[in-house]
Amino acid sequence: MIKKIKELEKISRLLEPTAHERKEARKKVITYSEGFLNDIEKTKAYNVTPDKGIALLESPISEKPINIDKAIKLIQKNVDFPGLNPASGGYLGYIPGGGIYYSALGDYLAAVFNRYAGVFYAGFGAVRMENMLIQWMAEVFGYSSPSSLKRAKVAGNLTSGGSIANLMAVVTARDSKKISSALIPKSVIYFTKQVHHSIEKAIRIAGLKECVIRHVPMDERYKMNAGELEKLIYKDKKDGLNPFLVIASAGTTDTGTIDPLEEIGKIAKKNNLWYHIDAAYGGFFILTDEGKQKLKGIELSDSLTADPHKGLFLPYGMGVILVKDAQKLRESHYYQAQYLQDALFESEEMSPADLSPELTKHFRGLRLWLPLKLMGVKPFRACLEEKLLLAKYFHSEIQKLGFEVSHEPELSVVTYRWIPKKGDANAFNNKLMKEVVADGRIFISSTLLDKKFTLRFACLSFRTHLKQVDLLLKILKEKVKMLSPS
Ligand SMILES: *Cc1c(COP(=O)(O)O)cnc(C)c1O
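Student: Would you mind showing me how to read the overall build of the protein chain here?
Tutor: If you tally the helices and strands in the protein chain, you get 16 helices and 13 strands. Against the compact-globule benchmark of 23 Å for 486 residues, the protein chain has a radius of gyration of 25 Å, which places it among compact chains. With the C-alpha coordinates aligned to their principal axes, the bounding extent of the protein chain is approximately 80 × 75 × 40 Å. Considering only intrachain contacts with a sequence separation of at least 6, the fraction spanning at least 24 residues in the protein chain is 74%. As displayed, the protein chain has an accessible area near 24600 Å², and 58% of this comes from carbon and sulfur atoms.

Student: How should I be thinking about helix α16 (residues 466-483) in this particular structure?
Tutor: Since the α-helix advances by 3.6 residues per turn, residues separated by three or four positions end up pointing in the same direction. Between its first and last C-alpha atoms α16 spans 26 Å; for 18 residues at 1.5 Å apiece the expected length is 26 Å, and the two agree. Of all the positions in α16, only Gln 468, Val 469, Leu 472, Leu 473, Ile 475, Leu 476, Lys 479, Val 480 and Leu 483 are classed as buried. When α16 is viewed along its axis, its buried side chains cluster within an angular range of 165° and face the same direction. What points out from α16, more than 90 degrees from its buried face, is the exposed set Lys 467, Lys 477 and Lys 481. Looking at the buried residues of α16, the elements they touch are α14 (378-400), β11 (413-417), α15 (425-439) and β13 (452-458).

Student: Hey, could you run me through the packing of helix α4 (residues 101-113) against helix α13 (residues 365-375) in this one?
Tutor: If you want to describe how two helices pack, look at the angle between their axes and the distance between the axes. At a minimum axis distance of 7 Å, the contact between α4 and α13 shows a crossing angle of 130°. As the angle between them shows, α4 and α13 are arranged oblique. Where α4 crosses over α13, the two elements pack in a sense that is right-handed. Contacts from Tyr 102, Ser 103, Leu 105, Gly 106, Asp 107, Leu 109 and Ala 110 of α4 reach α13 at Leu 366, Arg 367, Leu 370, Pro 371, Leu 374 and Met 375.

Student: When you look at the site of the ligand in this model, what are you seeing that I'm missing?
Tutor: In the neighbourhood of the ligand, 15 residues make up the surrounding shell, with Ser 163, Asp 278, Asp 307, His 309 and Lys 310 lying closest. Between Ser 163 and the ligand, the recorded distance is 2.6 Å, taken from a side-chain N or O atom to an oxygen atom. Relative to its free-state accessible area of 380 Å², the ligand is covered by the protein chains to the extent of 85%. Elements with a minimum of two residues in the shell around the ligand: α6 (162-176) and α11 (308-311).

Student: Would you mind showing me how to read the side chain of Lys 310 here?
Tutor: Structurally, Lys 310 is set in helix α11. The contacts of Lys 310, once residues within four sequence positions are left out, are Ile 95, Pro 96, Ala 280, Tyr 281 and Leu 460.

Student: Can you help me understand the domain arrangement of the protein chain in this one?
Tutor: A common way to state how big an interface is: give the accessible area lost once the parts meet. Taken domain by domain, the protein chain holds domain 1 (108-374) and domain 2 (378-483). Centre-to-centre, using C-alpha coordinates, domain 1 lies 31 Å away from domain 2. Between domain 1 and domain 2, the buried area comes to about 2300 Å², and carbon and sulfur atoms account for 63% of it. Summed over the three residues of domain 1 that lose the most area to domain 2, namely Arg 221, Phe 285 and Phe 313, the buried surface amounts to 29% of that side. Close ionic contact of Lys 392 with Glu 290 constitutes a salt bridge, the shortest N to O distance being 2.8 Å. For the pair domain 1 and domain 2, the number of links is 12 residue pairs in polar contact (both at pLDDT 80 or more). Elements represented by at least two residues in the side of domain 1 that touches domain 2 include exactly α10 (289-294), α11 and α13.

Student: Could you clarify how one ought to interpret the packing of aromatic side chains in this entry?
Tutor: Two measures describe an aromatic ring pair: the distance that separates the ring centres and the angle between the ring planes. Following the criterion strictly, the structure yields 13 aromatic pairs and no others. Ring geometry for Phe 313 versus Phe 462: centroids 6.2 Å apart, planes at 45°, classification tilted. Taken as a pair, Phe 313 in the loop between α11 and β9 (319-323) and Phe 462 in the loop between β13 and α16 lie far apart in primary sequence, 149 residues in all. Each member of the pair Phe 313 and Phe 462 is classed as buried. When the ring of Phe 394 is compared with that of Phe 457, the centres are 4.1 Å apart and the planes differ by 5°; the resulting orientation is stacked. Highlighted residues: Phe 394 in helix α14 and Phe 457 in strand β13, separated in sequence by 63 residues. The two residues Phe 394 and Phe 457 agree in class, both being buried. In this arrangement the basic side chain of Lys 324 is found over the ring face of Tyr 143, its NZ or CZ atom lying 5.0 Å from the centre.

What counts and what doesn't
- Residues numbered from 1 in each chain as written.
- Predicted model: local features only at pLDDT ≥ 70, side-chain atom pairs only at ≥ 80, totals over all residues.
- Heavy atoms only, no water.
- Helix = DSSP H or I, 4+ residues; strand = E, 2+ residues; numbered from the N terminus.
- Rg over C-alpha atoms; globule rule 2.2 N^0.38 Å.
- Contact = heavy atoms within 4.5 Å.
- Areas by Shrake-Rupley, 256 points an atom, 1.4 Å probe, with all protein chains shown as cover.
- Expected span 1.5 Å × (residues − 1).
- Buried < 20%, exposed > 50% of the residue type's maximum accessible area, 1.4 Å probe, protein only.
- Arc of directions from axis to C-beta.
- Axes fitted to C-alpha atoms, helices over the stretch in contact; angles between N-to-C directions.
- Parallel < 35°, antiparallel > 145°, perpendicular 65-115°, else oblique.
- Left-handed = near helix turned anticlockwise from the far one by under 90°.
- Near = heavy atom within 4 Å.
- Polar contact = N/O pair within 3.5 Å; in protein donor to acceptor, adjacent residues only side chain to side chain.
- Domains from an automatic or database assignment.
- Buried area = accessible area lost by both parts, 1.4 Å probe.
- Salt bridge = Lys/Arg side-chain N within 4 Å of Asp/Glu carboxyl O.
- Phe/Tyr/Trp six-rings, centres within 6.5 Å; stacked < 30°, edge-to-face > 60°.
- Lys NZ or Arg CZ within 6 Å of the ring centre and 35° of its normal.

In structure tokens, the structure reads:
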């Protein structure tokens, strides 16, 4: 047996590369990633390749290892090259992603040390770090003040993204308002048709799809009409229904619109509704003065979703849910016996495992903490302010080119379209978008607003500056000219 164990040990030790092997692999990875970063201003935002990375499948997972050069080639050719390049400052479609470098180093350290971030007693520092970030965000969003003597009882969780945060919020609202299965068919949820689809998905996953869903009418700027919301609630109550949840958007994905957060908050409170705000796109603009004004009322919500992998420019894999009453988040997500419930506030730190569906999880805190510590909040704020101004700039310049625009951008999304002298405007804009995407230097996306095919300018990449916006304007001008019959 000892002989067999030793034989196996020899092979299993391959899982621990030697210092020399580590150095070699690291060198190659660093050379590759540095090359990528040094060229980032020159690389396209979108690459059309006919094979769509299919060659990856020609190298199946097997007993046979390949070397790091081959592995990097496979990644480069099949993963990093084809399709959308979210690391590019030319990414101006959907909601752009980020990828600040110090997050990568945070992830590197988190992976090497593999600290356990689920339970306080297992990973004191890792859990403290996550909770410290949650409390910082709670202060940023006005959920708690740093000066309050009593320790804030706001809870939250660093999730993989906004969708999971929204799901956790819907589940918490359901449990908090005691929506038992018998109550579901008469319980009512309110939101507008501009809500992100992850909300509707969350409602279904949470077992609430048989609730009554009210699409609250919007004004001409796609903002929830608070008066209409109040009327609907009043009527539903009169009809013996059970209104329990209203969901507002702080920056819709389509148009970057902010619902009237303060008014909705008052209505929710008056009618005893759970108030959730989806601020996955717009939330972190609160770091700027303009954003703070526009997001007034966000602090009235019971729960809130934000997305550091959007508004704080992190690489993908980080959303956040905040719940003002910590106990509510915990009641929906704890796993210990109920008699331990009171230990929550006696233990020094809440454990993420008690506040989310996850037990073992990625130590996400480090990828947010490291960049915030190494750079401070100031450049984040400046970058967000720059994005707000770039959107205003684009909104004004695109009109000079003759495009039709909707209202002044509320945050950093601008919707616009070209009205051709002859022919169908929808078809024209569809073609125009495809031409821009095929060019690839800038990536844009579109939406349908009142059945009108509309182009979107969504500015949130930390690498988007005046240069990229001017390039898009130039490309649009050229393509319109090219597509217009002379
Ligand atoms: C992106 C987004 C989501 C979904 O978040 P993910 O991080 O992609 O899961 C939800 N709501 C809004 C408003 C968004 O912009």
